[in-house]
Amino acid sequence: MDASLLNRLSAADAARAIRDGAITAEQLMQACLARVREAEPQVQAWQYLDEEHALAQARARDLDRSEGRPTGPLHGIPVGIKDIIDTCDMPTEDGTVLHAGRTPVRDAAAVAMLRAAGAVIMGKTVTTECATYSPGKTRNPHNPEHTPGGSSSGSAAAVAAGMVPLALGSQTNGSVIRPASFCGVYGFKPSHGLIPRSGILKLSRSLDHVGIFGRSVEDIALVAETLVGWDVDDPDTRPRAAIPFREVAAQEPPLPPLIGFVKPPVWDRATAETREAFAELCSQLSERIVEIELPPSTAGMLDWHRTIMEAEMAANLDREFEQGRDRLSESLREQLARGRDIRALDYQRAVARIALLNGAFDEMFERCDAFLTPSAPGAAPRGLESTGDPSFCTLWTFCGMPAINLPLMQAENGLPLGVQLVGQRDADARLLRTARWLANRLAQQ
């Protein structure tokens, strides 16, 4: 296999090549590191990367295989880890000077699951400050004058730039789907409580999700199948039977899916280019698309989401605010200050809306398989002072519904323009099957 192409393999293809003996884990890692040396000076996706440690892990995976020890579904595959997710052998600094030099004593549950599946933890990717709105150093791989999105900026950019085939991120508002859209990669936010969050910087128990970046729907399914599970330290997970994500995602739907085109309550923020692109996309899907109007009750979702997020952030980052507020960004200080003033009654009212909206959406999913909507108002904005508008993700994060970004379109300036598919809560495998169907349908046209 041509060594110059190894760093562009999907994770699923690379795993098959390692399993079949066509390549080694060390060769794959060498190709990824070569690409890091080439692209990192411009993209700046990595917060921590020790090349020798990464190679040592890859060699250990090769030794396991050569000596006949058990191998997992991700054996030898490099993975980037957002720098709010604990790693026992690397610093986890959460994008803030207040946690500089912090080295956890054990892995986050998701990292431990990746290692058990044979993955190589390549390094830590850049996050915004405490996974909020103040940008990190990362640039968009397609144009360094544009934002890569946030807060999982480094993870999305590293996958897009060919430095690593897979990466983990997190989403409390739009922090997986938006950077995946801006950087042009597949990004998946599962149903709330599906992937354990223990060992990850806690912002909002009600809204925090672990997310996955990859190069195909198959990649997403491969990692999702590895990471789903119950964890005693995450009260929102629960014991459940194994979900065969890869098998379901690879199947042809029993009936051609019917997809509901949804204009979210913030549709007026969509650029003219986005509106035109989605009108054309709906035309291409013809008889398999139907426009669905959201209930009027969704109009308040931005306020409800902000209420929950800022109240819970204020509690979870209380120590940082009390002892280090002068070293926090102005935007984070303002969020935490507002969160401290939220009334318990307003918070409880906002939380109650989650179940009510999911009940309404359950009825809508009796008519369609998934919702189609933009991942963001438009392509990545020019400038690095902001990570862009997350509002096209807010409703789905608020409701804990699964969502995936599909890198299927391009703006006039050459930047990616993402397509977001949203599924019924806890119907994640079905969503991935519909996403694969949609990507294949459009590739054939």
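Since this is a predicted model, take the numbers as computed values, not measurements. (Residues numbered from 1 in each chain as written. Predicted model: local features only at pLDDT ≥ 70, side-chain atom pairs only at ≥ 80, totals over all residues. Heavy atoms only, no water.)

1. Examining the overall build of the protein
For the record, the criterion: Strands here are runs of E lasting at least two residues and helices are runs of H or I lasting at least four, both read from the DSSP assignment and numbered beginning at the N terminus. Atoms counted for the radius of gyration: C-alpha only. Globule rule: 2.2 Å times the number of residues to the power 0.38. For every residue, the accessible area (1.4 Å probe, protein chains only) is compared with the maximum for its type, and the residue is labelled buried under 20%, exposed over 50%, or partly exposed between those bounds. The Shrake-Rupley method, run with a 1.4 Å probe, gives the accessible areas here. Residue values count only the displayed protein chains as cover. In this count, Lys and Arg are taken as positive residues and Asp and Glu as negative ones, while His and the chain termini are left out. By convention, charge coordinates are those of NZ in Lys, CZ in Arg, CG in Asp, or CD in Glu.
Within the protein one finds 15 helices and 11 strands. A globule of 445 residues ought to have a C-alpha radius of gyration of about 22 Å, and the protein, at 21 Å, matches this closely. Considered along the principal axes of its C-alpha atoms, the protein spans approximately 60 × 55 × 45 Å. The 445 residues of the protein split such that 60% are buried. For the protein, the computed accessible surface area is about 17,300 Å², with 48% contributed by carbon and sulfur atoms. Positive and negative side-chain charges in the protein, numbering 46 and 57 respectively, have mean positions lying 2 Å apart.

2. Brief notes about the packing of aromatic side chains
Short version of the rule: Ring pairs shown here join Phe, Tyr and Trp side chains whose ring centres sit within 6.5 Å, with only the six-membered ring taken for Trp; geometry is labelled stacked below 30 degrees between planes, edge-to-face above 60, and tilted in between.
In total, this model carries seven aromatic pairs according to the counting rule given. Here the aromatic rings of F371 and W396 are separated by 5.8 Å at their centres, their planes lie at 50°, and the arrangement is tilted. In this pair, F371 sits in strand β9 (residues 370-374) while W396 sits in helix α14 (residues 391-399), placing the two residues 25 residues apart along the sequence. Residue F371 is classed as buried on the basis of its relative accessible area, which comes to 0%. Ring pairs connect the aromatic residues F361, F365, F371 and W396, which therefore count as one cluster.

3. Section: unusual backbone geometry
With omega at 5°, the peptide bond leading from G150 into S151 counts as cis. Here S151 shows up in the loop between β3 (120-125) and α5 (153-160). One non-glycine residue, Q44, adopts positive backbone phi at about 55°. Tracing the backbone through its elements, the reader meets Q44 in the loop between α2 (25-43) and β1 (46-48). In this structure Q44 comes out as partly exposed when scored by relative accessible area, which is 25%. Of note, S286 is a non-glycine position whose phi angle comes to about 40°, a positive value. With respect to the element layout, S286 can be found in the loop between α9 (272-285) and β8 (289-292).

4. Re the pattern of salt bridges
Here is the rule: Salt bridges are identified by distance alone: a Lys or Arg side-chain nitrogen within 4 Å of an Asp or Glu carboxyl oxygen.
In the structure shown here, the tally under the stated rule is 28 salt bridges. The residue R325 makes a salt bridge to E322 at a minimum N-O spacing of 3.7 Å. Note on R325: relative accessible area 32%, which makes it partly exposed. Judged by relative accessible area, E322 falls into the partly exposed class, the value being 42%. One continuous salt-bridge network, built from bridges that share partners, spans R197, R205, D234 and D236.

5. As for the environment of G229
Put simply, the rule reads: Here a residue-residue contact requires only that any non-hydrogen atoms of the pair lie within 4.5 Å.
Topologically, G229 is positioned in the loop between α7 (217-227) and α8 (245-250). Along the primary structure G229 and A161 are separated by 68 residues, whereas in three dimensions their C-alpha atoms are 30 Å apart. The contacts of G229, once residues within four sequence positions are left out, are M113, L194, P196 and T237.

6. Topic: the state of the cysteines
Our working rule: Only a pair of cysteine sulfur atoms within 2.5 Å qualifies as a disulfide here.
Evaluation of the coordinates by the stated rule reveals zero disulfides. Looking at C183, it has no disulfide partner, and the nearest cysteine sulfur is the one in C393, 13 Å off.

7. Brief notes about helix α1 (residues 11-20)
Since the α-helix turns once every 3.6 residues, residues separated by three or four places project in the same direction. The complete set of buried residues in α1 reads A11, A12, A14, A15, A17 and I18. Remark: G21 follows α1 within two positions and exhibits a positive phi of approximately 80°.

8. Comments concerning the side chain of D234
Spelled out, the test is: Counting of polar contacts relies on pairs of N or O atoms within 3.5 Å, with two restrictions inside protein: one atom must be capable of donating a hydrogen and the other of accepting it, and residues adjacent in sequence are counted only when both atoms are side-chain atoms.
Tracing the backbone shows D234 in the loop between α7 and α8. A polar side-chain atom of D234 sits 2.8 Å from the main-chain amide nitrogen of R197. Once residues lying within four places of it in the same chain are set aside, the contact partners of D234 are I195, P196, R197 and S198.

9. Concerning the environment of I308
Summarising the element assignment, I308 is placed in helix α10 (residues 301-316). It is 20 Å that separates the C-alpha atoms of I308 and R178, two residues lying 130 residues apart in sequence. Excluding anything up to four places from it in sequence, I308 contacts S204, S206, L207, Y347, A350, V351, I354 and F398.

10. Description of the packing of α7 against helix α15 (residues 428-443)
How we decide: Here an angle of 0 to 180 degrees is reported between the N-to-C directions of two axes, which are lines fitted to C-alpha atoms, with helices fitted over the stretch in contact. Any angle from 65 to 115 degrees is called roughly perpendicular, while one under 35 is roughly parallel, one over 145 is roughly antiparallel, and all others are oblique. Crossing handedness follows the turn of the near helix against the far one: under a right angle anticlockwise gives a left-handed crossing, and clockwise gives a right-handed one. Residue type decides the class: Asp, Glu, Lys and Arg count as charged, Ala, Val, Leu, Ile, Met, Phe, Trp, Tyr, Cys and Pro as nonpolar, and the leftover types, Gly among them, as polar.
Interaxial distance between α7 and α15 falls to 10 Å at its minimum, and their mutual angle equals 165°. On the basis of the axis angle, α7 is roughly antiparallel to α15. Both α7 and α15 take part in a crossing whose hand is left-handed. Note on element contacts: α15 touches α7 through L432, A435 and R436, opposite V217, I220 and A221. Here the residues of the contact of α7 with α15 sort into five nonpolar, no polar and one charged.

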